[in-house]
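As a plain string of letters, each chain reads:
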Amino acid sequence: MIGLISATAAGAAARDRLAAAWPDRTRVYEGAVGDAVRRAFAECEQLVCFLATGAVVRLIAPLLGDKTADPGVVCVDEGARFAVSLVGGHGGGANELARQVGGLLGAEPVVTTATDAVGLPGLDTLGFPVEGSVATVSRALLDGEPVALEAEVAWPLPPLPTAPRGSYTIRLTDRAVEAGEREVLLRPPSLVVGVGASRGAPADEVLGLVEGALRDAGLSARSVAELATVDAKAGEPGIVEAARRLGVPLVTYRAEELAEVEVPNPSDAPLAAVGTPSVAEAAALVRGGELLVPKRKSAAQPAMATCAVVRRPGRGRLAVVGLGPGARDLLTPRAEAELRRASVLVGLDQYVDQIRDLLRPGTRILESGLGAEEERAHTAVAEARAGHAVALIGSGDAGVYAMASPALAEASDDIEVVGVPGVTAALAAGAILGAPLGHDHVSISLSDLHTPWEVIERRVRAAAEADLVVTFYNPRSRGRDWQLPKALAILAGHREPATPVGVVRNASRPDESSRLTTLAALDPATVDMMTVVTVGNTATREIAGRMVTPRGYRWQESQEGAK
């Protein structure tokens, strides 16, 4: 919960805007400001104070304890010009909260945390439990000291400016080791503990068995991602409570699914009880991995619980990111977040240049020129399979005539794939022209490099006969100058010569140009590969210099009746 505190009418107005936008996330604290701050500090995970920073510093100073437990505090000034991350930038989430508050109120977020200021991810913000000398190693990264990354477990990480060797170390490990003086341990969620239990097994017995198995194997409980068991035990109190105390989810599987998993220690007892010869080992192994601790029983007599531990390999992550038509303000926040998260960027060189300034230090860039789409897709998938966090970029929406198709055709379920939508060229051009896509429409690429012209022509003819608005991608190049005239001729067989046609070149970019013409007047020689051509249907009209396709046909009938 986010506590909201204000002292003036202007502050209350901004406070109320935030409360209205986030009704489920916020709580307004009324009354004397000092008392309100004290109550919110004790009850909330975060605070937004619509007060001067000096006043807030004096109010919260006696309340500060441990930065790992204190709430994050953001200050918003009287004019709502700035949202200042004051306390708990990383641990309390104040840095991100300042950005969110700034975006909502139109205020500039002020973040002074050193790593954020230079674009480095904080070691305590990577989403893993962290141990060791976080401040010391972070300072070494900031100072350009050589910091080695020792990944004992392959896991996708954001970009970090590490070196092969160094006096400081970031170690990615699930082993139960102590951090050295100049070392940070990152605990990836790589361990799965399969659990079986008799009815009524005490939680202490289940938890003691799990903790003992991890301790004896030299594994860290902080790397346990989940407890896993059979569906029949989903509500077993001892298992449920053990998962709660470990702070991990309880995942269950059907007995039929577990029965198909090959295990080293099957047994008739669980087969008779729940329908599978293995619960603990099978539940841990069902999604693959390395069996580190075979089935073992609890020490109680009789033993009421069993467990097994598996290390699952980290799945690489492939984000297929649409950059939009070119303008920076049409690049989505989600796309920006994925670009910052990726340690490897794969893309066409000219698209990489568009967003190079958004990449974090340490990002490995794999760029290539025109005509290497399949090679870029193969490279991105291979990097993800190697355990990296990869962003594969394309213009517009990556799923529309771009990189998503070749990449996903090659990707299997051994990697995580995330699609990030972008504003397409057709949508950007449509917004410039007016509302040409107000009714049913279709996009067709006139490039026959990947599709035979016979297929393209059949699609154009079908669109013409169906009276669809048509947006032509890749309409004309130096080596392909006859396809657009042919396509327009097909449409002209079904539409009036005065049908509106919109021509937009370099939509949303600094040299953007657009014009509205007609099917009869369009000169194909004025079109190139950077142009999008939108041909209206029989209902499309030019209104006040804009291209408009009505959502229904009653408007068209009224126009015809007025003639």
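One structure accompanies this document, and this report is about it. (Residues numbered from 1 in each chain as written. Predicted model: local features only at pLDDT ≥ 70, side-chain atom pairs only at ≥ 80, totals over all residues. Heavy atoms only, no water.)

**Some words on the packing of helix H7 (residues 203-216) against helix H8 (residues 237-246)**
Relative orientation of the contacting elements H7 and H8 amounts to 55°, with a least axis distance of 8 Å. If you check the angle between H7 and H8, you find them oblique. The hand of the H7/H8 crossing is right-handed. Contacts from Ala203, Asp204, Val206, Leu207 and Val210 in H7 reach Gly238, Glu241, Ala242, Arg245 and Leu246 in H8. (Axes fitted to C-alpha atoms, helices over the stretch in contact; angles between N-to-C directions. Helix = DSSP H or I, 4+ residues; strand = E, 2+ residues; numbered from the N terminus. Parallel < 35°, antiparallel > 145°, perpendicular 65-115°, else oblique. Left-handed = near helix turned anticlockwise from the far one by under 90°. Contact = heavy atoms within 4.5 Å.)

**Some details on unusual backbone geometry**
Across the junction of Gln301 and Pro302, the peptide omega takes the value -5°, indicating a cis bond. Relative to the assigned elements, Pro302 resides in the loop between strand S14 (290-297) and strand S15 (305-311). Here Ala80, not a glycine, exhibits a phi torsion of approximately 55°, which is positive. Take Ala80: it is sitting in the loop between strand S4 (72-76) and strand S5 (82-87).

**Digging into helix H17 (residues 453-465)**
Residues lying three or four places apart along an α-helix face the same way, a consequence of the helix completing one turn every 3.6 residues. The end-to-end C-alpha separation of H17 is 18 Å, in line with the 18 Å expected for 13 residues at 1.5 Å each. When H17 is considered as a whole, its buried residues turn out to be Trp453, Val455, Ile456, Glu457, Val460, Ala463 and Ala464. Looking at the packing, one finds that the buried side of H17 touches strand S22 (441-445), strand S23 (469-473) and helix H18 (483-492). (Expected span 1.5 Å × (residues − 1). Buried < 20%, exposed > 50% of the residue type's maximum accessible area, 1.4 Å probe, protein only.)

**A word on the packing of aromatic side chains**
Across all of its chains, the model carries two aromatic pairs by this definition. An angle of 50° between the planes, with centres 4.7 Å apart, marks the rings of Tyr401 and Tyr473 as tilted. Of the two residues, Tyr401 sits in the loop between strand S19 (389-394) and helix H15 (404-410) while Tyr473 sits in strand S23, which places them 72 residues apart along the sequence. For Tyr401, a relative accessible area of 45% corresponds to the partly exposed category. Geometrically, the ring pair formed by Trp453 and Trp482 is edge-to-face, given 5.1 Å between the ring centres and 70° between the ring planes. One end of the pair, Trp453, is in helix H17; the other, Trp482, is in the loop between S23 and H18, with 29 residues separating them in the sequence. (Phe/Tyr/Trp six-rings, centres within 6.5 Å; stacked < 30°, edge-to-face > 60°.)

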